[in-house]
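# Chains, contacts and geometry: an overview
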Amino acid sequence: MKKALSISIALFLTLCTAQGAFAQGCVAIRGTGNACMIAHADSNDHQQWVLSTSVRYFKSFRHFSGPHENKERLEQHTEVINHTASLDINIMRVLNDRWSLMVDLPIISNARSSLYEHGLVNGSNKFNERHSMHSFGIGDLRIAAYHWLFDPKKSYRGNIQLGLGIKLPTGDYDYQDYWYNVGPNGSKELRTVDQSIQLGDGGTGVTVELNTFYNLFHNFGVYGNFFYLINPREQNGVRTYRETLSPRLANEAIMSVPDQYMARGGFSYSLHPFAKGWAIAAGARLEGIPVHDLIGGSGDFRRPGYVWSIEPGITYSGKKFSFFATVPVAFVRNRTQSVTDKENSDKTGTFVRGDAAFADYSVNAGISFKF
């Protein structure tokens, strides 16, 4: 039983914190907080506190329309480059061996470099200047409750955890910085930054989660994590300025408040007795923004799309301290056709689908303390 529990601990601590830190370039998959699986099935100490911090970094620069890469953007040096770094601060209260509560707040730093937002006219940049915009601050706060379906004392080989939460619009969703070469005589103007580097989405949402594991052998197991954010609000009223770039973008003048989702699964292997406390994991990860929301409208401006990644990871778990690192590497990136793309396709009689920049990989790491 102890060996089975050891792989549960290693499995959960490898995977829990990496779950919540979303973002993939211009497809604005936002951070939504860490999962509760850090309160793993062997939590015998009731009324325990767990403090976790995790960081994520990526650089997006490869443009895709559908699943096809627009390689000419790199050849012509017209690509959009996003750098995103986020720090999640997560506090969890383990109430008993079945229930736990979690509060998570992300701190986000973004930088976006582009040509087209700084003087693009009729398909060419009259000033041929690349400039950067930035955003920094807190993101959207998330509060969630989690419950193990089966008694952890009896179901030590496998279990299922359900989570239900609320996401509050605490992040700035109208963050502004300077657009260059857009004012009179090529002056700069303070405008809203692109949706992909906004700190929040402006919606109050509901999060639904399912986390599960099963130990096939004493040191080898499988896992699954599933997450969905329901955002009923259709748009947040913030201007995108996309209508100033082209008349065909008139119906993208206001930012949408999209749903988002994540699913991941794979295998975990405990290195004990060769390296006590260490474990390795490998699996697949899917994250994205749907074309249509489950509740509410799906119009205005959004870049729907998804990313499939291979996700290796390593963790160390001690009695009071744990550490993890994962590096999801993308192998499928797809910028799907949005509602407004479809509307433009109907109006013009020509298939329209925007593009988006994606990262090759992201780097994730975190630590947790029990007290």
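The preceding data block contains the structure.
From a predicted model like this one, the values you see are computed outputs, not experimental measurements. (Residues numbered from 1 in each chain as written. Predicted model: local features only at pLDDT ≥ 70, side-chain atom pairs only at ≥ 80, totals over all residues. Heavy atoms only, no water.)

What follows deals with the pattern of salt bridges. The full count for this structure, using the stated rule, is 21 salt bridges. Ionic pairing is found between Arg62 and Asp360, a salt bridge with its closest N-O pair at 2.8 Å. Of this pair, Arg62 sits in strand β1 (residues 48-65) while Asp360 sits in strand β21 (residues 356-370), placing them 298 residues apart in sequence. Judged by relative accessible area, Arg62 falls into the partly exposed class, the value being 24%. Asp360 gets classed as partly exposed once you look at its relative accessible area, which sits at 22%. Among the salt bridges present, the one from Arg112 reaches Glu117, with a minimum N-O distance of 3.1 Å. Assessed through its relative accessible area of 0%, Arg112 is described here as buried. Here the salt bridges do not stand alone but share partners, grouping Arg56, Arg264, Arg285, Glu287 and Glu311 into one network. (Salt bridge = Lys/Arg side-chain N within 4 Å of Asp/Glu carboxyl O. Helix = DSSP H or I, 4+ residues; strand = E, 2+ residues; numbered from the N terminus. Buried < 20%, exposed > 50% of the residue type's maximum accessible area, 1.4 Å probe, protein only.)

Cis geometry is adopted by the peptide bond preceding Pro273, which originates at His272 and carries an omega value of 15°. Positive phi values are uncommon outside glycine, yet His77 reaches one of about 60°. Along the chain, His77 falls in the loop between α2 (72-75) and β3 (81-94). Even without being glycine, Tyr241 reaches a positive phi, approximately 70°.

Here we take up the nonpolar core. Residues Val50, Met92, Val94, Met102, Ala144 and Tyr146 constitute the largest nonpolar core, which totals six residues. Every element with two or more residues in this core is listed here: β3 and β8 (141-148). (Core = buried A, V, L, I, M, F, W, Y, C linked by side-chain atoms within 4.5 Å.)

Turning to the pairing of β21, a few remarks are in order. Two strands pair when backbone bridges link them, and β1 and β21 are joined in this way by 13 bridges, in the antiparallel orientation. Bridged to Tyr57 within β21 is Val363. (Pairing = 2+ DSSP bridges.)

Bringing the packing of aromatic side chains into the picture now. All chains considered together, the criterion is met by seven aromatic pairs. Where Phe217 meets Phe220, the ring centres are 6.4 Å apart and the plane angle is 35°; that geometry is what we call tilted. Each ring, one from Trp278 and one from Tyr316, has its centre 5.2 Å from the other, and the planes form 55°; the classification is tilted. A residue pair is termed long-range when its members are at least 10 positions apart, and Trp278 in strand β17 (residues 278-289) and Tyr316 in strand β18 (residues 305-317) qualify at 38 residues. Of the aromatic side chains, those joined through ring pairs into one cluster are Phe217, Phe220 and Phe267. (Phe/Tyr/Trp six-rings, centres within 6.5 Å; stacked < 30°, edge-to-face > 60°.)

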